[in-house]
Amino acid sequence: MVILEEWKQVLFRLIEATIMLAIGLLVTLTILKPIYEHFEIPFLGNVWVNWFGVSYLFFVFYTVIGRFLLCKNSELFKHRIKSVLFWLFFVGATYVVFIPFIKGENPF
């Protein structure tokens, strides 16, 4: 039964990642692209970097909401919130999404 529980967790995490990537792609193409173009920032280059940044930002918001509002006792969310790497990636994703506004171009 332990193996079945581990498979459930793996499947849950895989579904989470897939949904976050899909939402991130949708938001990147329908919201972020027009915002960049409105500020005359060309939406060119390795746009997948922006896509992953947006996806990870949604993943962070999902984790924070899940930890503090939905599943307060979930070990999965507790471990994520306490992870230093989780927050370092959050800083990186924030940089990736917002640095084009400072530089005036997409540096990726």
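See the structure shown above.
Rules behind the numbers
- Residues numbered from 1 in each chain as written.
- Predicted model: local features only at pLDDT ≥ 70, side-chain atom pairs only at ≥ 80, totals over all residues.
- Heavy atoms only, no water.
- Helix = DSSP H or I, 4+ residues; strand = E, 2+ residues; numbered from the N terminus.
- Contact = heavy atoms within 4.5 Å.
- Areas by Shrake-Rupley, 256 points an atom, 1.4 Å probe, with all protein chains shown as cover.
- Lys, Arg positive; Asp, Glu negative; His and termini not counted.
- Charge placed at Lys NZ, Arg CZ, Asp CG, Glu CD.
- Expected span 1.5 Å × (residues − 1).
- Bend = angle between axes of the 7 residues up to and from the residue.
- Buried < 20%, exposed > 50% of the residue type's maximum accessible area, 1.4 Å probe, protein only.
- Polar contact = N/O pair within 3.5 Å; in protein donor to acceptor, adjacent residues only side chain to side chain.
- Patch = residues over 30% accessible without salt bridge, like charges linked within 9 Å, V, L, I, M, F, W, Y side chains within 5 Å.
- Salt bridge = Lys/Arg side-chain N within 4 Å of Asp/Glu carboxyl O.
- Axes fitted to C-alpha atoms, helices over the stretch in contact; angles between N-to-C directions.
- Parallel < 35°, antiparallel > 145°, perpendicular 65-115°, else oblique.
- Left-handed = near helix turned anticlockwise from the far one by under 90°.
- Nonpolar A, V, L, I, M, F, W, Y, C, P; charged D, E, K, R; others polar.

Visitor: Talk me through the overall build of the chain; I want residue IDs and the actual numbers.
Guide: In terms of regular secondary structure, the chain is built from 4 helices and 0 strands. On the principal axes, the C-alpha backbone points of the chain span a range of 55 × 20 × 20 Å. A sequence separation of at least 24 residues applies to 65% of the contacts in the chain between residues at least 6 apart. Element-wise, carbon and sulfur atoms account for 74% of the exposed surface of the chain, whose accessible area totals about 7,600 Å². Taken together, the 9 basic and 7 acidic charged side chains of the chain have centroids lying 9 Å from each other.

Visitor: For helix α4 (residues 84-103), give the residues involved together with the corresponding values.
Guide: A rise of 1.5 Å per residue sets the reference length of α4, with its 20 residues, at 28 Å; its end C-alpha atoms lie 28 Å apart and thus fit the reference within 8%. Maximum bend of α4: about 40°, positioned at Val 97, with proline Pro 100 one to four residues after it. Among all positions in α4, only Phe 86, Ala 93, Val 96, Val 97, Ile 99 and Pro 100 are buried. Two or three places before Leu 85, at the opening of α4, Ser 83 has a side-chain oxygen 3.4 Å from that residue's backbone nitrogen.

Visitor: I'd love a proper account of a nonpolar patch on the surface, names of residues and values included.
Guide: Together, Leu 11, Leu 14, Ile 15, Ile 19, Ile 23, Phe 58, Phe 61, Ile 65, Phe 68, Leu 69 and Leu 70 line one region of the surface with nonpolar side chains, adding up to about 1,100 Å² of accessible area. At the level of secondary structure, the elements contributing two or more residues to the nonpolar patch comprise α1 (2-38) and α2 (47-70). Considering each element in turn, the nonpolar patch owes the most residues, 6 residues, to α2. Along the polypeptide, Phe 58 turns up in helix α2.

Visitor: Can you explain the side chain of Asn 50? Please cite residues and give values.
Guide: Here Asn 50 lies in helix α2. Ignoring sequence-local partners within four residues, the contact set of Asn 50 consists of Thr 28, Leu 32, Tyr 36, Val 96, Val 97, Pro 100, Asn 106 and Phe 108.

Visitor: Got a sec to walk through the packing of α2 against helix α3 (residues 75-82)? Specific residues and values, please.
Guide: Viewed as axis vectors pointing N to C, α2 and α3 meet at an angle of 125°, and their least axial separation amounts to 9 Å. Considering their axes alone, α2 and α3 lie oblique with respect to each other. As for the relative orientation of α2 and α3, their crossing is left-handed in sense. Contacts between α2 and α3 involve Phe 59, Tyr 62, Thr 63, Val 64, Gly 66, Arg 67 and Phe 68 from the former and Phe 77, Lys 78, Arg 80 and Ile 81 from the latter. Class assignment of the residues belonging to the contact of α2 with α3 gives a composition of 6 nonpolar, 2 polar and 3 charged.

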